[in-house]
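Below, each chain spelled out in residue letters.
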Amino acid sequence: MGHLFTHIKNLFSTFPKVKPLEGLHGPEKANVLFHNLVAEQKVPGLAVIILDNGEKVLQKGYGFADLENRDKVDPKRTVFRIASISKCITGLALGKMVEDGIVDLNESFYNYVPYYPRKKYDFTLRQLAGHTAGIRGYRGKEFALNQDYSIKDGIKVFKNDPLFFKPGTSYLYNSFDYVLLSLAMQEASGVPFQDYVKEHILIPLELKNTFSPKDFNVSSSLSTTLKINSQVENKTQFYTKRALCFTKAVEVNNTYKLAGGGYLSTCEDVAKLGQSVLERKLLKKETYDQLFTSQIVDGKSTYYGLGFQVSQDNNGRKFVGHVGSSVGAYTNLFIYPEQEKVIAILINCTDPKVQKELDLAIDAIFDGTV
């Protein structure tokens, strides 16, 4: 027991001191709010990059990528799980496939994946991408599944279940939609999903430190074998918050749900992704318009486009992007087209319940701007 107490004490003694906020505004205030998240032991570590018209207003790592080894977070080098920001990457890949005539958003899913068990109703790729297809969400421990499934194998988790509702009549946000979407994209293109994304999205946007779990493991082993100084040596540990401390999160394998929540990346790459969206690089304007148009159910907005949340922040400012939550990760990517700002925040802890604090920091960034 004494040993455990010493261990906990050691971990906590490394945390920085809380700083006062009085008289601070703008990025300085945001910086202290982020710092205090670590100082108050609400998160083990986080990386933040804020861009204003493409210029870095704030780029910083706070706290620890690895508590035991006291490795600090580096916004350019530390690799996090990005959780549902993965859906934004998938949305861009889907847009590219639409432009190239490989898939049609309004086509039945079964045209691409005829072997999927038939349901009472048909559903389209658009309905999958916008979470209106009626596919169910996680049950029990599926959120933290640790099976080495391929995308095609992964459908066994839910393929025999009925639809939750008639497609197009309701909205249910879930990651299984994206397992099916990526399977359809894979079958339509004849290229493994991760390879298509790498070639058509990651390489053109120069997202050199964005990986699927499989590619990441290959990069890591290569860097060890060749003794090269690789970016990927700085992968964060993944934590879960307990009452007294942070413990290592359970092992998961996100390979099969790569499209919905499996990618790993650095904060720098996520910010670069956001900036590319702001500048509408890569795809045509009308394709972006499709991705950023909220789906409508029953005459009401779902605040979700295709792979992107299309919503308003805490203070009513319009953004596109995504909030993500997965085992050992909590993430924000907010892209503000009107203010030309991009905010990327990656945390190495399963939902630490700090969105309120993140919103305060985001508000501080907008201090003095309309």
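Residues numbered from 1 in each chain as written. Predicted model: local features only at pLDDT ≥ 70, side-chain atom pairs only at ≥ 80, totals over all residues. Heavy atoms only, no water.

- Per an unreviewed UniProt entry, the chain goes by the name Beta-lactamase and belongs to Allomuricauda ruestringensis.

## Remarks on the side chain of aspartate 313
So, point 1. By the secondary structure assignment, aspartate 313 is in the loop between β10 (309-312) and β11 (318-326).
So, point 2. Within the structure, aspartate 313 has its side chain in polar contact with the side chain of tyrosine 336 (distance 2.9 Å). (Helix = DSSP H or I, 4+ residues; strand = E, 2+ residues; numbered from the N terminus. Polar contact = N/O pair within 3.5 Å; in protein donor to acceptor, adjacent residues only side chain to side chain.)

## Considerations on the packing of aromatic side chains
So, point 1. One pass over the full model with this rule turns up 20 aromatic pairs.
So, point 2. Judged by centre distance (5.3 Å) and plane angle (90 degrees), the rings of phenylalanine 109 and tyrosine 116 are edge-to-face.
So, point 3. You can call tyrosine 116 buried: its relative accessible area is 2%.
So, point 4. Relative to phenylalanine 123, the ring of phenylalanine 109 has its centre 5.3 Å away and its plane inclined at 15 degrees; by these criteria the two rings are stacked. Here phenylalanine 123 lies in the loop between α3 (86-99) and α4 (125-129) and phenylalanine 109 lies in the loop between α3 and α4, a separation of 14 residues in the sequence.
So, point 5. Relative accessible area serves as the criterion here: at 0%, phenylalanine 123 is assigned to the buried category.
So, point 6. Taken together, the aromatic side chains of Phe109, Tyr110, Tyr116 and Phe123 make up a single cluster linked through ring pairs.
So, point 7. Above the plane of the ring of tyrosine 178 lies lysine 87, whose end atom (NZ or CZ) is 5.8 Å from the centre.
So, point 8. It is arginine 118 that lies over the ring of tyrosine 110; its NZ or CZ is 3.9 Å from the centre. (Phe/Tyr/Trp six-rings, centres within 6.5 Å; stacked < 30°, edge-to-face > 60°. Buried < 20%, exposed > 50% of the residue type's maximum accessible area, 1.4 Å probe, protein only. Lys NZ or Arg CZ within 6 Å of the ring centre and 35° of its normal.)

## Overview of the sheet that holds strand β1 (residues 45-52)
So, point 1. In spatial order, the strands read β3-β2-β1-β13-β12-β11-β10; together these seven strands make up an open sheet with antiparallel pairing. Edge positions in the sheet fall to β3 (71-72) and β10, since each of these pairs with one other strand and no more.
So, point 2. Pairing of β11 with strand β12 (residues 329-336), which is carried by seven bridges, proceeds in the antiparallel orientation. Its bridge partner lying in β12, serine 326 is registered against alanine 329.
So, point 3. Contacting β1, β2 (55-66) and β13 (341-347), helix α2 (residues 26-39) crosses the sheet at an angle of about 10 degrees to β2.
So, point 4. Those strands touched by helix α12 (residues 355-365) are β1, β11, β12 and β13, and its axis lies near 30 degrees from that of β12. (Pairing = 2+ DSSP bridges. Contact = heavy atoms within 4.5 Å. Axes fitted to C-alpha atoms, helices over the stretch in contact; angles between N-to-C directions.)

## Looking at the nonpolar core
Across soluble globular proteins, nonpolar side chains have a tendency to be buried as a group.
So, point 1. With 72 residues, the main nonpolar core has Leu92 and Phe123 as its most contacted residues.
So, point 2. Look past the residues within four positions of phenylalanine 123 in its chain and what remains in contact with it is Glu107, Ser108, Phe109, Tyr110, Tyr116, Leu128, Ala133, Ile135, Leu163, Pro167 and Leu180.
So, point 3. Ranked by size, the runner-up nonpolar core spans 31 residues in total, among them Phe15, Leu46, Leu67 and Tyr336. (Core = buried A, V, L, I, M, F, W, Y, C linked by side-chain atoms within 4.5 Å.)

## Concerning the pairing of β11
So, point 1. Relative to β11, β10 runs antiparallel, the two being bridged by four bridges. What sits directly across from glutamine 309, in β11, is glycine 321.
So, point 2. Connecting the antiparallel pair β10 and β11 is a turn made up of five residues, with glycine 316 showing a positive phi of about 80 degrees.
So, point 3. Hairpin connection, β11 to β12: the antiparallel pair is bridged by two residues, and glycine 328 has positive phi, about 75 degrees.

## Regarding the packing of α3 against helix α6 (residues 176-189)
So, point 1. Remark: α3 packs on α6, axes separated minimally by 11 Å, with the N-to-C direction vectors making an angle of 35 degrees. Relative to α6, α3 is oriented so that their crossing is left-handed. Where α3 abuts α6, its residues Lys87, Thr90, Ala93, Leu94 and Met97 lie against Tyr178, Leu181, Met185 and Ser189.
So, point 2. Its residues placed into classes, the contact of α3 with α6 shows six nonpolar, two polar and one charged. (Left-handed = near helix turned anticlockwise from the far one by under 90°. Nonpolar A, V, L, I, M, F, W, Y, C, P; charged D, E, K, R; others polar.)

## Points about helix α7 (residues 193-202)
Because each turn of an α-helix spans 3.6 residues, side chains separated by three or four positions end up pointing in the same direction.
So, point 1. With seven of its 10 residues buried, α7 lies for the most part within the structure.
So, point 2. For α7, the complete set of buried residues consists of Phe193, Gln194, Tyr196, Val197, His200, Ile201 and Leu202. In a view along the axis of α7, the buried residues occupy a sector of 155 degrees, so they form one face of it. (Arc of directions from axis to C-beta.)

## With respect to the pairing of β12
So, point 1. Among the eight residues in β12, eight count as buried, and that is most of the element.
So, point 2. A two-sided burial pattern is seen for β12, the buried positions comprising Ala329, Thr331, Leu333 and Ile335 on one face and Tyr330, Asn332, Phe334 and Tyr336 on the other.
So, point 3. Note that β12 and β13 share seven bridges and pair antiparallel. Considered in β13, the bridge of threonine 331 is made with leucine 346.

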